[in-house]
Every structure is written in structure tokens, then in C-alpha cells.
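Okay, here's what each chain looks like letter by letter:
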Amino acid sequence: MIVIWVAAILSGEAVGQASVLIPYRAHSASSALTPIANVSDGNPSTAWNSGGPAPAWIQLDLNRDVVPSRVRLYTEQYPPGNVSHNITGVLSNGATVNLGGYSGYMSNSVWLEINIPYSIPVRYLRITTSQSSSWVAWKDIEVVEGGDLKKNCGIETGPGIVGVGTEYQSKCTPDGRYFIFRDLSQQPYGAEVFSCQGVDIPPGWTLVSRSSASQTQCSNYDTATPLANRKIYTIRNNNLSPIKAEKPDAYDTVPLPSISSRPNPSSFTWPSDMREFYFNK
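Conventions adopted
Residues numbered from 1 in each chain as written. Predicted model: local features only at pLDDT ≥ 70, side-chain atom pairs only at ≥ 80, totals over all residues. Heavy atoms only, no water. Helix = DSSP H or I, 4+ residues; strand = E, 2+ residues; numbered from the N terminus. Contact = heavy atoms within 4.5 Å. Pairing = 2+ DSSP bridges. Axes fitted to C-alpha atoms, helices over the stretch in contact; angles between N-to-C directions. Phe/Tyr/Trp six-rings, centres within 6.5 Å; stacked < 30°, edge-to-face > 60°. Lys NZ or Arg CZ within 6 Å of the ring centre and 35° of its normal. Salt bridge = Lys/Arg side-chain N within 4 Å of Asp/Glu carboxyl O. Buried < 20%, exposed > 50% of the residue type's maximum accessible area, 1.4 Å probe, protein only. Core = buried A, V, L, I, M, F, W, Y, C linked by side-chain atoms within 4.5 Å.

S.K.: Teacher, can you tell me more about the environment of Gly-160 here?
M.R.: Mapped onto the elements, Gly-160 comes out in the loop between strand 11 (149–152) and strand 12 (161–168). Through-space distance from the C-alpha of Gly-160 to that of Gln-187 is 9.9 Å; in sequence the pair is 27 residues apart. Excluding residues that lie within four positions of it along the chain, Gly-160 makes contacts with Arg-182, Asp-183, Leu-184, Ser-185, Pro-202, Pro-203, Ile-243, Lys-244 and Ala-245.

S.K.: Looking at this structure, I do not really get the sheet that holds strand 9 (residues 122–131). What am I missing?
M.R.: Hydrogen bonding along the main chain pairs the strands of a sheet, whether they run parallel or antiparallel. Within the open sheet, the five strands sit side by side as 2-4-9-6-7. Their pairing is antiparallel. Two strands close off the open sheet at either side, each with one partner strand: strand 2 (25–29) and strand 7 (96–106). Geometrically, the sheet is characterised by an average inter-axis angle of 25° between neighbouring strands, direction not taken into account.

S.K.: Looking at this model, I keep getting lost on the packing of aromatic side chains. Mind explaining?
M.R.: Two aromatic rings, taken as a pair, are described by how far apart their centres are and by the angle between their planes. Counted according to the given criterion, the structure contains three aromatic pairs. Their ring planes at 35° and their centres at 5.0 Å tell us that Tyr-74 and Trp-111 sit as a pair that is tilted. Residue Tyr-74 is located in strand 5 (residues 68–75), and its partner Trp-111 is located in strand 8 (residues 111–115); the two are separated by 37 residues in the primary sequence. Its guanidinium or amino end placed over the ring of Trp-111, Arg-72 lies 4.1 Å from that ring's centre, counting from NZ or CZ. Stacked on the ring of Trp-57, the Lys or Arg Arg-126 has its end atom at 3.6 Å from the ring centre.

S.K.: Quick question: what am I supposed to make of the pattern of salt bridges here?
M.R.: Pairing between side chains of opposite charge can happen when the charged atoms of each approach one another. Inspection of every chain in the model, using the stated rule, returns seven salt bridges. The partner of Arg-25 in a salt bridge is Asp-61, with the nearest N and O atoms 3.6 Å apart. Note that Arg-25 is positioned in strand 2 and Asp-61 in strand 4 (residues 56–66), a separation of 36 residues in sequence. Classification of Arg-25 as partly exposed rests on a relative accessible area of 43%. Of the residues examined, Asp-61 reaches a relative accessible area of 3% and is grouped as buried. Residue Arg-70 is joined to Glu-113 by a salt bridge in which the shortest nitrogen-to-oxygen separation is 3.3 Å. Here Arg-70 is found in strand 5, whereas its partner Glu-113 is found in strand 8, with 43 residues between them in sequence. By the burial criterion, Arg-70 is buried, and Glu-113 matches it. Where salt bridges share partners, they join Arg-70, Arg-72, Glu-113 and Glu-142 into one cluster.

S.K.: Any chance you could explain the pairing of strand 8 here in plain terms?
M.R.: Within a regular beta strand, the side chains point alternately toward one face of the sheet and then the other, so they alternate between its two faces. Burial of strand 8 is extensive: five of the five residues sit out of reach of the surface. Side chains of strand 8 alternate between two faces, with Trp-111, Glu-113 and Asn-115 and Leu-112 and Ile-114 buried alike. Pairing between strand 5 and strand 8: five bridges, direction antiparallel. Along strand 8, the bridge assignment pairs Leu-73 with Leu-112.

S.K.: Any chance you could explain the environment of Tyr-168 here in plain terms?
M.R.: Relative to the assigned elements, Tyr-168 resides in strand 12. Along the chain, Tyr-168 and Tyr-178 lie ten residues apart, while their C-alpha atoms are 5.5 Å from each other.

S.K.: Quick question: what am I supposed to make of the nonpolar core here?
M.R.: When a protein is soluble and globular, its nonpolar side chains tend to lie buried together. One finds Val-39, Trp-138 and Ile-141 to be the most contacted residues of the largest nonpolar core, which totals 35 residues. In terms of residue count, strand 4 provides more of this core than any other element does, five residues in total. When residues no more than four places from it in sequence are discounted, the contact partners of Val-39 are Tyr-24, Ala-26, Trp-48, Ile-58, Leu-60, Trp-138, Lys-139, Asp-140 and Ile-141. Membership of the second largest hydrophobic core comes to eleven residues, among which are Ile-180, Ile-201, Trp-205 and Ile-235.

S.K.: What is the right way to read unusual backbone geometry from this model?
M.R.: Of all residues except glycine, most have a negative phi; of all peptide bonds, most are trans. Cis geometry marks the peptide bond from Ala-54 to Pro-55, where omega comes out at 5°. Inspection of the secondary structure puts Pro-55 in the loop between strand 3 (48–49) and strand 4. In this model, Asn-63 sits at a positive phi of 75°, which is unusual for a non-glycine residue. For Asn-63, the location among the structural elements is in strand 4. For Asp-200, which is not glycine, the phi dihedral falls at a positive 55°. Mapped onto the elements, Asp-200 comes out in the loop between strand 14 (192–195) and strand 15 (205–212). By relative accessible area, Asp-200 is classed as exposed at 67%.

So, in C-alpha cells, the structure goes:
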């Protein structure tokens, strides 16, 4: 499995009003010298402490399948030093996917913010520390809502909506493409997501980069699709205030199918972590 480190932000500020936090409960941990519930009490004077050095982990139950866009971790790091943290998403069926991480120097009492650009609904988040200069501990953890996923036969997205994938559905004529969209309203400033759209992106969002591959979820795994059209884009939110998402009435809200095992690239549809080589394409 290829691990991709997603850009992290160090901040001394609390999360802005442009974000919607996902309620969760601290589910389990590798060990606990102090209660794991301390990470969700909003009190920076309390902390979950594993009671020992790395490796150690804590897992959060998001209570439902939900797409996160950012994880914020308030550090309990004394003495300061080099660390390595990784965030793993766990689907309801038990399948896992690496969502990002941070590796570098860390000090005490700062917010470590890790962006998650993937459009993947997960039930649990596990924060694993493989290296640390101190005992593994966190004062507070916040998870930022990443927006709902919708599906439609049409490509028309509307303000605040961006296409993130395709499936095949016979009801969608003429070519069977069933488009998957993500609601980007209420996203925090600086959030980055992967998109199938390099143009007509939501107001206030800018194009950061693009990559191409032999197959991507943006091309419906159609080998006849020209290579030049098989691209995944990274877009960034530069809005200081929330934007309103206007969703067409024709959108379908449908359950996202679960997967029982690591899928074969030739038959894989959804969900996807949108990394080009994750499925050995």
C-alpha cells in the first residue's frame, strides 16, 4: 500500500466558523493512562495519554458513514521533538484506507491540522503515532465535515458542487455515466479536495494541480477515453466565509455500496481514495 502524506497546517487558532464539526465518540485506544473521552471534551487542560512511547493509537467513531475533510489535533507534546502521525479511515465493512498524516517537528499546545482531499465515506478514524519524543497523547481532537455525496445522470453541478467521480448506470443515457458530486459548502478556508473538474469549479475555489493516469475514477474506467481526459485535479478553498451549495432537484441521494475486500481495478466503482496507483492501475 502506498502512503501519501497530506499537507499539514500548524495553527494556534481554534477552528473557524466556516467549518462544521462532526460529532464523534472516542471509541478505543492502544492503551490509556487517562480517559480516551478527554480528547472530545473541548477542555485543553485534560488529555488522553497512552501512558507510554510510540507506537500508540486512538480511534474515533463518527457514528455514521461520513466524508471528513480535515482532522485537527491539539498537541500534548513534552518534550517537543520529531513525530510521525498517520490517519487511517475505517469503512463500516472493516476495509481501511490511508487518509494522510504528518511527519516532522512538533511542540506542545498547538493545533496540528491535516487535510483530507479524498471523497471517501468512513465510519471510524484511527490516529496512529509511530514516532514521538514524548509519550503519545492528545489534548483535543476535532473532525471537520467534508460534505455530502450525491449522484446524478447529468454533469450540471451548480454553485458549491463539484464532480468527484463516475459510475456506470444503464438508466443514464446515452453513455451510462452516473456522475458523483460532492457538496463543498461549509468547507474551511484552505481545505483541498480532489476533483474531476479543472474548469467550472465552485466560486472562490482555485486550481492547485492536476495529474493524469491510465485509469482514474473520473474516466469511468473507460479504456476508450483519451489519455488527455483522464485527469484528477486538486482544488483549494479560498473563501473566508461559507458558500451556499445549490443542488439540482434531479440529484439522487443513494446509499454508497460497501466492498467486502480489496477490489479488482477492472470492476471497482465506489468508494475510491482517488490515488492513481493504490489499486496497481
